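Chain by chain, the residues:
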Amino acid sequence: MATTARDRNIGVAYTYDGELKRALDIAEAYGFRILPPLKVEACDREHAENYTCPEHHIAALKHFDARQETYPDGVARIAHTHKVPYKNRLELRLEILGDRESSAEGLLFQAAHAILQEYGHKNTMVTVNSVGGKETLGSFTQSVGHYFRARINELDPECRNNFKKSVFAPLRCTHEACLQHRTDAPHSLNFLTEQNRQHFKEVLEYLEAFELPYAVDPHLVGSEHYTTRTVYSITSSGRHADEDAPRETVAWGERYYHLAKRIGLKKVIPAVNITLDLGTRTTKESFKERSRKQTIAVHIIHAGRPAKMRVLKLAEFLRTSHIRVSMHLHKNSVTEQLERAQLAKVPLLIIVGQKEVLDGTVMIRHAATSSQESVPLSRVATYLKSRI
């Protein structure tokens, strides 16, 4: 089979120049690989229509399926832009594929918050819910369907028509007639398994650890055809500091597991994403292949979930201090994390465990000599800058 230029470049990373450069710089600092807009084919549009999902979900899954060998440990973090002609807007999409851990949502929330702050958004609020997994989503969907069918004649006419395509339509509808009935509609949280409850609990713990304001909305849903577990949106009062200023939705996302097999891929690919609308008008943008791999001087290793939360906050602190770091949040084994750092030949390791979380310190190890010392969080940036 002939090799195309596209096939040869499957592992290539890119630099970006355009209106979203600041956002993509932040995404890259969090370990996302910058890619040109993903190609959407005719069959992708057909799948998207069948499962009422965004076309970029399909394109991202197919990209990952064809290129898994180019992503360490089978986990991809990609950032790409998308032009929305009817809005004359340029959106940014952050996607994590191959990662089942709740830390993936934590990483997306942290990166999205940093980007929104960079673009002047004040008083952001995360609205979040869990619709459960495949094993309970059917029961929840059936219960919602029964509830609204019994009240179908009382719904807004447009919503009644949308209900034929999606039983979740009344949960999304903002018409007063539908809002009145939504209050007593079935809650997805009542259908969760213990495993799904634990995942959702961990997601909320990340929001609390990052001190991000949030509200749980048990009626926030994605698509009954593919969304699983976490679904969320972020609103903002824009550049106004007044909490009473009008709010707008600036980001939204969801987790999905089984869409890959439904579109004909051979295995389940866990995926989670967030789309950001930064109010950027569609303008010219360019992508260039990186001439050489970026050098990372610091790798952060965590031991335990509380340490993961500390690590993400530390990563943001170091990013604002202009220190590039790498980390493997999806790896829970310290041994595996150390092995990855050794393969990458990273000279400095930051190790955060339960003791460091309690003490407000980190352990910094020099890979060449294996010597290490405890450093207070307040001095980490200064310490690293003197040794990089």
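Up top you'll find the structure we're talking about.
Cut-off values and rules
- Residues numbered from 1 in each chain as written.
- Predicted model: local features only at pLDDT ≥ 70, side-chain atom pairs only at ≥ 80, totals over all residues.
- Heavy atoms only, no water.
- Helix = DSSP H or I, 4+ residues; strand = E, 2+ residues; numbered from the N terminus.
- Buried < 20%, exposed > 50% of the residue type's maximum accessible area, 1.4 Å probe, protein only.
- Contact = heavy atoms within 4.5 Å.
- Areas by Shrake-Rupley, 256 points an atom, 1.4 Å probe, with all protein chains shown as cover.
- Expected span 1.5 Å × (residues − 1).
- Core = buried A, V, L, I, M, F, W, Y, C linked by side-chain atoms within 4.5 Å.
- Disulfide = S-S within 2.5 Å.
- Pairing = 2+ DSSP bridges.
- Salt bridge = Lys/Arg side-chain N within 4 Å of Asp/Glu carboxyl O.

K.L.:
How would you explain the overall build of the protein if you had to name every residue and give the values?
P.N.:
When you go through the protein residue by residue, the secondary structure sums to 15 helices and 15 strands. Its C-alpha atoms give the protein principal-axis dimensions of about 75 × 55 × 40 Å. Split into buried and exposed, the 388 residues of the protein put 52% on the buried side. Intrachain contacts of the protein at a sequence separation of at least 6 include 70% that bridge at least 24 residues. Split by element, the accessible area of the protein, about 18600 Å² in all, is 49% carbon and sulfur.

K.L.:
Give a detailed account of helix α6 (residues 134-149), specifying residues and quantitative values.
P.N.:
It helps to recall that an α-helix has 3.6 residues per turn; residues three or four apart then point in one direction. Helix length check: α6 (16 residues) gives 23 Å between terminal C-alpha atoms against 22 Å at 1.5 Å per residue, within 8%. Inspection of α6 places Thr 136, Leu 137, Phe 140, Thr 141, Val 144, Gly 145, Tyr 147 and Phe 148 among the buried residues, and these make up the whole buried set. Those residues of α6 that are buried lie in contact with α7 (157-163), α8 (169-172), α9 (176-182), α10 (194-209) and β7 (227-236).

K.L.:
Describe the nonpolar core, and please don't skip the residues or the numbers.
P.N.:
Ranked by internal contacts, the top residues of the largest apolar core, which has 89 residues, are Phe 32, Leu 61, Leu 94, Leu 276, Leu 318, Ile 350 and Leu 384. The element contributing the most residues to this core is helix α5 (residues 103-118), with nine residues. Those residues in contact with Leu 276, other than ones at most four positions away along the chain, are Glu 91, Leu 92, Leu 94, Ala 112, Ile 115, Leu 116, Val 250 and Ala 251.

K.L.:
Can you explain helix α12 (residues 305-320)? Please cite residues and give values.
P.N.:
Helix length check: α12 (16 residues) gives 23 Å between terminal C-alpha atoms against 22 Å at 1.5 Å per residue, within 8%. Those residues of α12 not exposed but buried are Ala 307, Lys 308, Met 309, Val 311, Leu 312, Leu 314, Ala 315, Glu 316 and Leu 318. Looking one or two residues beyond α12, the residue adopting positive phi is His 322, at roughly 65 degrees.

K.L.:
How would you explain unusual backbone geometry if you had to name every residue and give the values?
P.N.:
Positive phi, close to 60 degrees, is recorded for Glu 211, a residue that is not glycine. Along the chain, Glu 211 falls in the loop between α10 and β6 (214-216). The exposed category is assigned to Glu 211, whose relative accessible area is 66%. The phi angle at Lys 345 is positive, at roughly 55 degrees, despite the residue not being glycine. Take Lys 345: it is sitting in the loop between α13 (334-343) and β13 (348-352).

K.L.:
I'd like a description of the state of the cysteines, backed by residues and values.
P.N.:
For the coordinates displayed, the defined rule picks out zero disulfides. No disulfide involves Cys 53; its nearest neighbouring cysteine sulfur is the one of Cys 43, lying 12 Å away. No disulfide involves Cys 159; its sulfur sits 3.6 Å from the nearest other cysteine sulfur, which is in Cys 178. Residue classification places Cys 159 among the buried positions, given a relative accessible area of 2%.

K.L.:
Residues and numbers for the sheet that holds strand β4 (residues 89-97), please.
P.N.:
With mixed pairing, eight strands are arranged side by side in an open sheet as β2-β3-β4-β9-β8-β7-β5-β6. Single-partner strands in this sheet number two, and they are β2 (33-34) and β6. The pairing of β2 with strand β3 (residues 76-84) spans two bridges and is parallel. The partner of Ile 34 across the bridge, within β3, is Ala 79.

K.L.:
Which residues make up the pattern of salt bridges, and what are the values?
P.N.:
Using the criterion set out here, one finds 15 salt bridges in the structure. As a salt-bridge pair, Arg 22 and Glu 118 come within 3.4 Å of each other at their nearest N and O atoms. On the criterion of sequence distance, the pair formed by Arg 22 in helix α2 (residues 21-29) and Glu 118 in helix α5 is long-range, its members being 96 residues apart. Assessed through its relative accessible area of 36%, Glu 118 is described here as partly exposed.

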